[in-house]
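Commentary on secondary and tertiary structure
What follows is each chain in one-letter form.
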Amino acid sequence: MKMKKMLASGLVLCISIQLLCACGKAEQNTAEKVHIGVTYYDQSDTFLGELLTDFKEQLKKCERDGLETSVIIQDAGGSQKTQNDQVKELIDAGCNVLCVNLVDRSDPSEIIDLAREYDVPIIFFNREPVAEDMMQWDKLYYVGAYARQSGQMQGELAADLIKADSRVDRNKDGRIQYVVLEGEPGHQDAIIRTETAVESLRENGIVLEKKGYQIANWNRAQAQNRMEQMISQYKNDIELVLANNDDMALGALDAYKKLNYTETNLPVVFGIDGTDVGLEAVAGQRLAGTVYNDKEGQAEAMAKLAEVLVTGGDIEEIGLTNERYCYLPYFKVTIDNVEEVLENNIR
Ligand code: BGC
């Protein structure tokens, strides 16, 4: 216990020193230096981990182009209260632009008030605030992607495969029995992805029968656990698994593996994201397909926007929608193009 306390106070001290140093630097700030403060909802999220790696790469590129940048990245550990405090710390540390991946996308008011008070623009990313909140101040931006498009593409991928391969309908009843693994409730990408995927399967003439759905909060281990429950309930009846992201799709496969299912008894599984592990699984034909959530494009847009907001460059170049939003398009990944995608992905 004592040890824990000592470690905790050591950590606080480290963070304070870091912030003090950053503060010192901030005093010499000019608008030419881009000091970015990032806070994101949870460091265990695979997609965001990769997105932020790309973001740091983008900033290195800016450096090579002669722009001085610095970045402090904070993990909010799933707490909105922690994130609000982090925003204050980042502003105190001299950050002149913030990139915020909200813990609770419906609760950005405290962060917006703080940023407005210190006149620090915010680029929200990946977890989209509601439109009314985006109107609270004119220095609020959003970088992300259209949830509908990803769901639609996932449905199309599944429909194409079902039409091309009669083995998917394993019980040959002319209908596809499916289950859904859903992301966090309240996230703009969760319900919309599910609804549009199902809609687009139907529009493509597939007759569906929903067996069940489970919320697994984007998380692989949770998805494995929920999938095990569904397998024990529906046994071999499941022919298709639609997962709102790759980690949950892989969790579904983990469940089948744990229960010793052989390849011929597996349903087809689709994800969304194209994370490193997701793409590998498509290449290994364990995932039937995924929809690429363009993290490199999003990271680049965030870096460019941060630069323009601080240095006063031409915002028109970024091509914003409604002057505040930047949505990067998704694209489909199957065994046919996965190698190409992997090659472009070398970091
Ligand atoms: C991604 C998920 C991720 C979530 C986090 C979604 O857009 O597809 O993989 O967990 O964002 O907010």
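Note: the structure precedes this text.
**Let's talk about the overall build of the protein chain**
Secondary structure assignment for the protein chain yields 12 helices and 12 strands. Computed over its C-alpha atoms, the radius of gyration of the protein chain comes to 22 Å, within 12% of the 20 Å expected for a compact globule of 347 residues. Counting only C-alpha atoms and orienting by the principal axes, one finds that the protein chain spans roughly 70 × 55 × 40 Å. Within the span of the protein chain, comprising 347 residues, buried residues form 50% of the whole. A sequence separation of at least 24 residues applies to 75% of the contacts in the protein chain between residues at least 6 apart. Carbon and sulfur atoms make up 50% of the accessible area of the protein chain, which totals about 16500 Å². A distance of 6 Å separates the average location of the 36 positive side-chain charges in the protein chain from that of its 58 negative side-chain charges.

**Some details on the sheet that holds strand β11 (residues 325–327)**
Strand order in this open sheet of six strands is β2-β1-β3-β4-β5-β11, and the pairing throughout is parallel. Lying at the two open borders of the sheet, with one neighbouring strand each, are β2 (69–75) and β11. Sheet twist, expressed as the average angle between the axes of neighbouring strands with direction ignored, equals 15°. By the bridge criterion, seven bridges tie strand β1 (residues 34–40) to β2 in an arrangement that is parallel. Looking at β2, one finds that T39 is bridged to Q74. In the packing of helix α2 (residues 46–64) onto the sheet, the strands contacted are β1, β2, β3 (97–100) and β4 (122–125), and the crossing angle to β2 comes to about 170°. In the packing of helix α3 (residues 80–92) onto the sheet, contacts are made with β1, β2 and β3, and the angle to β1 comes to roughly 170°.

**Focus: the site of the ligand**
Neighbouring residues of the ligand: Y41, D45, F47, N126, R127, H187, D189, R193, W218, N245, D273 and N293. Between the ligand and R127, the relevant distance is 3.0 Å, taken from an oxygen atom to a side-chain nitrogen or oxygen of the residue. Between the ligand and H187, the relevant distance is 2.8 Å, taken from an oxygen atom to a side-chain nitrogen or oxygen of the residue. Burial of the ligand by the surrounding chains reaches 99%, relative to a free accessible area of 310 Å². Residue classes in the shell around the ligand are distributed as three nonpolar, four polar and five charged.

**Quick look at the sheet that holds strand β8 (residues 240–243)**
Taken in spatial order, the four strands of this open sheet run β7-β6-β8-β9, and their pairing is parallel. Bordering the open sheet on either side are β7 (208–215) and β9 (268–270), each of which pairs with just one other strand. The sheet shows a mean angle of 20° between the axes of neighbouring strands, direction not considered. Note that β8 and β9 share three bridges and pair parallel. Looking at β9, one finds that L240 is bridged to V268.

**A word on the nonpolar core**
Counting residues in each nonpolar core, the largest one holds 62 residues, and the members touching the most others are I36, F55, F125, L181 and M227. The element best represented in this core is helix α11 (residues 295–311), accounting for eight residues. In contact with F55, other than residues within four places in its own chain, are I36, V38, V71, C99, A299, M302 and A303. Within the second largest apolar cluster, 22 residues are counted, among which are L157, A158, V168 and I272.

Quick notes on the rules
- Residues numbered from 1 in each chain as written.
- Predicted model: local features only at pLDDT ≥ 70, side-chain atom pairs only at ≥ 80, totals over all residues.
- Heavy atoms only, no water.
- Helix = DSSP H or I, 4+ residues; strand = E, 2+ residues; numbered from the N terminus.
- Rg over C-alpha atoms; globule rule 2.2 N^0.38 Å.
- Buried < 20%, exposed > 50% of the residue type's maximum accessible area, 1.4 Å probe, protein only.
- Contact = heavy atoms within 4.5 Å.
- Areas by Shrake-Rupley, 256 points an atom, 1.4 Å probe, with all protein chains shown as cover.
- Lys, Arg positive; Asp, Glu negative; His and termini not counted.
- Charge placed at Lys NZ, Arg CZ, Asp CG, Glu CD.
- Pairing = 2+ DSSP bridges.
- Axes fitted to C-alpha atoms, helices over the stretch in contact; angles between N-to-C directions.
- Near = heavy atom within 4 Å.
- Polar contact = N/O pair within 3.5 Å; in protein donor to acceptor, adjacent residues only side chain to side chain.
- Nonpolar A, V, L, I, M, F, W, Y, C, P; charged D, E, K, R; others polar.
- Core = buried A, V, L, I, M, F, W, Y, C linked by side-chain atoms within 4.5 Å.

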